[in-house]
Amino acid sequence: MAKLSDNTLKNPATCQADKAVPAGSVGYVSVQELSFTEPLILSSGQTLPAYTLAYETYGELNAERSNAVLVCHALNASHHVAGINADNPQQVGWWDNMVGPGKALDTKRFFVIGINNLGSCFGSTGPTAINPATGQPWGASFPLLTVEDWVRAQARLADYLGIKKFAAVMGGSLGGMQALSWAITCPERVGDCIVIASTAKLTAQNIAFNEVARRAITTDPDFHGGDYYKHGVVPAHGLAVARMLGHITYQSDAVMGAKFGRAQRTPGPNGGYHYNYDIEFEIESYLRYQGEKFSRYFDANTYLLLTRALDYFDPAQAYGGDLGLALAPAKARFLLVAFTTDWRFAPEQTRAMVRALLKNQRQVTYAEIDAPHGHDAFLLDDKRYHAVVQGYYDNIAKRLGLGPRECTYGVLA
């Protein structure tokens, strides 16, 4: 059984309609929560007895319930995909440049859903939530999760909303893995699958990055085996280092060079070095700032869970490493997008998915964008990239009879 929380009784998209809303924005949005009492059996064999999913919606679900799009989030993001947080107006959705009226994913035509993954620290049940068996935060005892576990939980929320089939499931990075898993595990429920800057499995190097990040956290003296909540501390230093490492992998060398180069923060005597281990270069200052900021709002146990879920994702493992066999159940049409300077999830990894899908005679559109930004390009405003996604959604809307896309300047398609 599922139960809505009280804060869903108002329309989240219009709860603060009296405030000024920027053009192209979905407006002020409030989080919704759906609680499930039916246990969820996990890939590990463990069972989550009950749980809550935090989510947001944008646009309107049509009478046929055919225009729903699920947007899956990446590691440090959440259900807040677009619009302005009604409780914190400074917080704009992480994909606000992609989702909204007249944007590539047009909320005038599509009903968009963002769901916070289980194990997260942004509203869905995770390590910071109370374990009903103990009355204390789950902490280190929270069960390990997989991408497939997230899909099963999300499918229950879709059932509650009466959505039998998504027009599209879309995501970037870790969200792209979820979109791919949806197409494999729930083939009848996905019309189109949009996978951006992602992969069907992590490389050894990527697993190595994740392990170093986790070790930074678990060796922090304030970690306390994952039960730092009861000690009233946070493993902030380890979490900051983990974020610094991750941030390096999300950007290209060209972008870091253009932003910072070898600029010193404050040159020493006669323009030289200070000859110490304090901050010498601007890039050091930037990374420390990003790490410290992250450690103030993200949960360390959540970081461990999510990176391990990244490591575990490999649908081809059950088929002797044959990705073609793993993708055979999928019935969706696919759009796959890669970026030339993304060395974390390199284009070759996306091309491997393209080849496997073509082997299964699936309809595939592939775009490789020559963008300088590295992995973070999927979050940015590259016009060619957005045009590809926009055109793809235009075709989906045409097939579904959803009408033309509109923006401030009138009909666009």
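A brief report on the enclosed structure follows.

1. Concerning the pattern of salt bridges
1) Next: On inspection of all chains with the given rule, the structure shows 17 salt bridges.
2) Next: We note a salt bridge from D311 to R308, for which the minimum N-O separation is 3.0 Å. Taken together, the residues D311 and R308, both in helix α7 (residues 300-312) and 3 residues apart, mark about one turn of the helix.
3) Next: For D311, a relative accessible area of 11% puts it in the buried group.
4) Next: The salt bridge partner of R355 is E348, with a shortest N-O separation of 2.6 Å.
5) Next: You can call R355 partly exposed: its relative accessible area is 48%.
6) Next: By relative accessible area, which is 39% here, E348 ends up partly exposed.

2. A short note on the pairing of strand β6 (residues 51-58)
1) Next: Burial within β6 is extensive, with 8 of its 8 residues counted as buried.
2) Next: Sheet topology places strand β3 (residues 32-36) next to β6; 5 bridges connect them, and they run antiparallel. Residue pairing for β6: Q32 is matched across the bridge by Y55.
3) Next: Pairing geometry for β6 and strand β12 (residues 111-115), over 4 bridges, is antiparallel. Across the sheet, residue T57 finds its bridge partner in β12, namely I113.

3. Here we look at the packing of helix α1 (residues 147-160) against helix α2 (residues 174-185)
1) Next: One way to put it is that α1 packs onto α2 with a least axis distance of 9 Å and a crossing angle of 70 degrees. With respect to their mutual orientation, α1 and α2 come out roughly perpendicular. Crossing angle aside, the handedness with which α1 passes α2 is right-handed. Within the contact between the two elements, α1 uses V147, E148, W150, V151, Q154 and A155 and α2 uses L174, M177, Q178, S181, W182 and T185.
2) Next: Its residues assigned to classes, the contact of α1 with α2 shows 7 nonpolar, 4 polar and 1 charged.

4. Quick notes on helix α9 (residues 347-359)
1) Next: For α9, which comprises 13 residues, the first-to-last C-alpha distance of 18 Å matches the rise-based estimate of 18 Å (1.5 Å per residue) to within 8%.
2) Next: Summarising the contacts, the buried residues of α9 are in contact with α2, β16 (190-196), α8 (323-327), β17 (333-339) and β18 (364-369).

5. Examining the sheet that holds strand β9 (residues 88-92)
1) Next: Spatially, β2-β8-β9 is the arrangement adopted by the 3 strands of the open sheet, whose pairing is mixed. The open sheet has two edge strands, β2 (28-29) and β9, and neither has a second partner.

6. So, the environment of G119
1) Next: Checked against the element boundaries, G119 lands in the loop between β12 and β13 (130-131).
2) Next: Residue classification places G119 among the buried positions, given a relative accessible area of 0%.
3) Next: C-alpha of G119 to C-alpha of D299: the two residues are 180 residues apart in sequence and 9.9 Å apart in space.
4) Next: If we skip the residues at most four places from it in the chain, G119 touches T125, G126, P127, F142, L145, T302 and L305.

7. Thoughts on the environment of Q264
1) Next: Relative to the helices and strands, Q264 resides in the loop between α5 (253-259) and α6 (282-297).
2) Next: Between the C-alpha atoms of Q264 and P127, which are 137 residues apart in sequence, the distance is 40 Å.
3) Next: In contact with Q264, not counting residues within four places along its chain, are G271, G272, Y273, E280, F281 and E282.
4) Next: Here the side chain of Q264 touches G272 through a polar contact of 3.2 Å, landing on its backbone oxygen.

8. A short note on the side chain of R189
1) Next: Residue placement: R189 occurs in the loop between α2 and β16.
2) Next: Look past the residues within four positions of R189 in its chain and what remains in contact with it is A155, A158, D159, I163, K164, K165, F166 and W182.

9. Brief notes about the state of the cysteines
1) Next: A complete count under the given rule lists 0 disulfides for this structure.
2) Next: Left unpaired, C193 is separated from the closest cysteine sulfur, that of C72, by 8.7 Å.

10. Thoughts on the packing of helix α3 (residues 204-218) against α7
1) Next: As a packed pair, α3 and α7 sit with axes 10 Å apart at the nearest point and diverge in direction by 160 degrees. As judged from the angle between their axes, α3 and α7 are roughly antiparallel. Two packed elements cross with a definite hand, and for α3 against α7 that hand is left-handed. Between α3 and α7, the contacting residues are I207, N210, A213, R214, I217 and T218 on the first element and A300, Y303, L304, T307, R308, L310 and D311 on the second.
2) Next: Across the contact of α3 with α7, the residue classes break down as 7 nonpolar, 3 polar and 3 charged.

11. Observations concerning α2
In an α-helix, one turn spans 3.6 residues, which is why side chains three or four residues apart end up on the same side.
1) Next: Between its first and last C-alpha atoms α2 spans 16 Å; for 12 residues at 1.5 Å apiece the expected length is 16 Å, and the two agree.
2) Next: The buried count for α2 comes to 11 of 12 residues, which makes it a mostly enclosed element.
3) Next: Inspection of α2 places L174, G175, G176, M177, Q178, A179, L180, S181, W182, A183 and I184 among the buried residues, and these make up the whole buried set.

12. Overview of the packing of aromatic side chains
1) Next: Within the structure shown, the criterion is met by 20 aromatic pairs.
2) Next: Relative to F378, the ring of W95 lies with its centre 6.1 Å away and its plane at 85 degrees, an arrangement referred to as edge-to-face. Of this pair, W95 sits in the loop between β9 and β10 (99-100) while F378 sits in the loop between β18 and α10 (383-400), and the two are 283 residues apart along the sequence.
3) Next: Against the face of F294 rests R243, its NZ or CZ located 5.0 Å from the ring centre.

13. Quick word on unusual backbone geometry
1) Next: At Y275, a residue that is not glycine, the phi angle is positive and equals roughly 55 degrees.
2) Next: Checked against the element boundaries, Y275 lands in the loop between α5 and α6.
3) Next: Assessed through its relative accessible area of 73%, Y275 is described here as exposed.
4) Next: Phi at Q361 takes a positive value of approximately 60 degrees, unusual for a residue other than glycine.
5) Next: Tracing the sequence through the fold places Q361 in the loop between α9 and β18.
6) Next: Accessibility expressed as a relative area gives 73% for Q361, which makes it exposed.

What counts, and at which threshold
- Residues numbered from 1 in each chain as written.
- Predicted model: local features only at pLDDT ≥ 70, side-chain atom pairs only at ≥ 80, totals over all residues.
- Heavy atoms only, no water.
- Salt bridge = Lys/Arg side-chain N within 4 Å of Asp/Glu carboxyl O.
- Helix = DSSP H or I, 4+ residues; strand = E, 2+ residues; numbered from the N terminus.
- Buried < 20%, exposed > 50% of the residue type's maximum accessible area, 1.4 Å probe, protein only.
- Pairing = 2+ DSSP bridges.
- Axes fitted to C-alpha atoms, helices over the stretch in contact; angles between N-to-C directions.
- Parallel < 35°, antiparallel > 145°, perpendicular 65-115°, else oblique.
- Left-handed = near helix turned anticlockwise from the far one by under 90°.
- Contact = heavy atoms within 4.5 Å.
- Nonpolar A, V, L, I, M, F, W, Y, C, P; charged D, E, K, R; others polar.
- Expected span 1.5 Å × (residues − 1).
- Polar contact = N/O pair within 3.5 Å; in protein donor to acceptor, adjacent residues only side chain to side chain.
- Disulfide = S-S within 2.5 Å.
- Phe/Tyr/Trp six-rings, centres within 6.5 Å; stacked < 30°, edge-to-face > 60°.
- Lys NZ or Arg CZ within 6 Å of the ring centre and 35° of its normal.

Everything listed is a geometric property; what it means functionally is a separate question.
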